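Spelled out from the first residue to the last, the chains are:
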Amino acid sequence: MTGRTGDRIAAGPDGRPLAEQPPWRRDFPVDTAEENYVARRDFTKFLVLTSAAFVTGQFAILFGELSRRNRPAPGAVAIVSAANLPVGGAKAFAYPGEHDTCLLVRVDETNFVAFSQECTHLSCAVIPQPEQKRFFCPCHDGSFDLETGRPIAGPPQRPLPRVNLEIRDGVVYATGIELRTL
Ligand code: FES
């Protein structure tokens with residue numbers, strides 16, 4: 001049975017009016033219906049706060065990505081002397097920022113490729129495996145084609161950002177980075 005006293009809901013779980021309830025229940029007057037209402041209100045509050053945190057996080061990621069895209073390229077940065085990197089060899093370097101790790105791989109005598117080391121799935125570091133013609137991501141077994149950076153296996157859907165290269169006087173330079181969606 002449920003009744004109302006002013007704004008307060010008075011309900012005994014056994015259905016008897018509050019006056020007939022045992023003394024301990026009057027000392028601890030937690031009303032079941034009211035308790036459910038508070039629980040729902042708390043749950044709604046939790047949902048709203050969680051959603052707000054999620055949306056804020058998405059905006060932070062978007063803002064970070066946009067500011068990264070709009071950051072001016074630092075110009076040509078020397079990576080390595082071509083003579084010091086054998087065919088099938090790889091070298092890590094920072095580009096365009098000091099915390100942006102990229103990988104340079106010598107594919108054959110005349111060709112070099114370079115990509116960001118950050119997996120486009122969940123940002124783990126990819127590992128060059130030239131003998132298998134791929135960059136491998138050990139986090140979820142993702143793979144990218146060694147020469148194009150395109151995803152070929154596992155969960156990644158987007159290619160690795162490609163670093164543009166130039167060879168001048170026998171030195172390999174990074175000259176820009178392409179963020180690609182396909
Ligand atoms: S983070 Fe690379 S496959 Fe998941």
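These numbers were taken from a predicted model, which means no experiment stands behind them. (Residues numbered from 1 in each chain as written. Predicted model: local features only at pLDDT ≥ 70, side-chain atom pairs only at ≥ 80, totals over all residues.)

J.: Report on the overall build of the chain, specifying residues and quantitative values.
T.: Tallying secondary structure elements over the chain gives 2 helices and 12 strands in all. Listing each helix as α and each strand as β along the chain from the N terminus yields β-β-α-α-β-β-β-β-β-β-β-β-β-β. When each of the 182 residues of the chain is scored for burial, the buried share is 18%. Contacts in the chain between residues far apart in sequence, at least 24 positions, make up 32% of those at least 6 positions apart. (Helix = DSSP H or I, 4+ residues; strand = E, 2+ residues; numbered from the N terminus. Buried ≥ 20, exposed ≤ 12 C-beta atoms within 10 Å, placed from the backbone. Contact = placed C-beta atoms within 7 Å.)

J.: Quick one: what's the story with the pairing of strand β4 (residues 90–94), residue by residue and with numbers?
T.: For a regular strand, the rule is simple: side chains alternate between the two faces of the sheet. In this sheet, strand β5 (residues 101–106) lies alongside β4 in antiparallel orientation, the contact comprising 5 bridges. Across the sheet, residue A92 finds its bridge partner in β5, namely L103. Linking β4 to β5, which pair antiparallel, is a turn of 6 residues. (Pairing = 2+ DSSP bridges.)

J.: How would you summarise the sheet that holds strand β7 (residues 127–129) if you had to cite specific residues and measurements?
T.: If you trace the 4 strands from one edge of the open sheet to the other, you get β7-β8-β9-β10, paired in antiparallel fashion. The open sheet terminates on both sides in strands that have one partner only, identified here as β7 and β10 (151–153). The mean inter-strand angle of the sheet, taken between neighbouring strand axes irrespective of direction, is 35°. Where strand β8 (residues 134–137) lies against strand β9 (residues 142–145), 4 bridges are found, and the strand directions are antiparallel. (Axes fitted to C-alpha atoms, helices over the stretch in contact; angles between N-to-C directions.)

J.: Explain unusual backbone geometry to me, and be specific about the residues and the numbers.
T.: Cis geometry marks the peptide bond from Y95 to P96; its omega dihedral reads 0°. A positive phi angle, close to 70°, is found at S123, a residue other than glycine. Structurally, S123 can be placed in the loop between β6 (112–116) and β7. Overall, S123 belongs to the exposed group, with 11 C-beta atoms counted inside 10 Å.

J.: Outline the nonpolar core, listing residues and values.
T.: Nonpolar side chains tend to gather and get buried jointly when the protein is soluble and globular. By size, the foremost hydrophobic cluster in this structure holds 21 residues, and its most contacted members are L104, A114, F115 and V163. Contributions of two or more residues to this core are made by β5, β6, β8 and β12 (171–178). Once residues lying within four places of it in the same chain are set aside, the contact partners of V163 are Y95, C102, A114, F115, A174 and I177. (Core = buried A, V, L, I, M, F, W, Y, C linked by C-beta atoms within 7 Å.)

J.: Give me the environment of R150: which residues, what numbers.
T.: Residue position: R150 is located in the loop between β9 and β10. With 15 C-beta atoms counted inside 10 Å, the residue R150 sits in the partly exposed group. Sequence separation of R150 and F135 is 15 residues, and the distance between their C-alpha atoms is 9.6 Å. The residues contacting R150, other than those within four sequence positions of it, are F144, D145 and P159.

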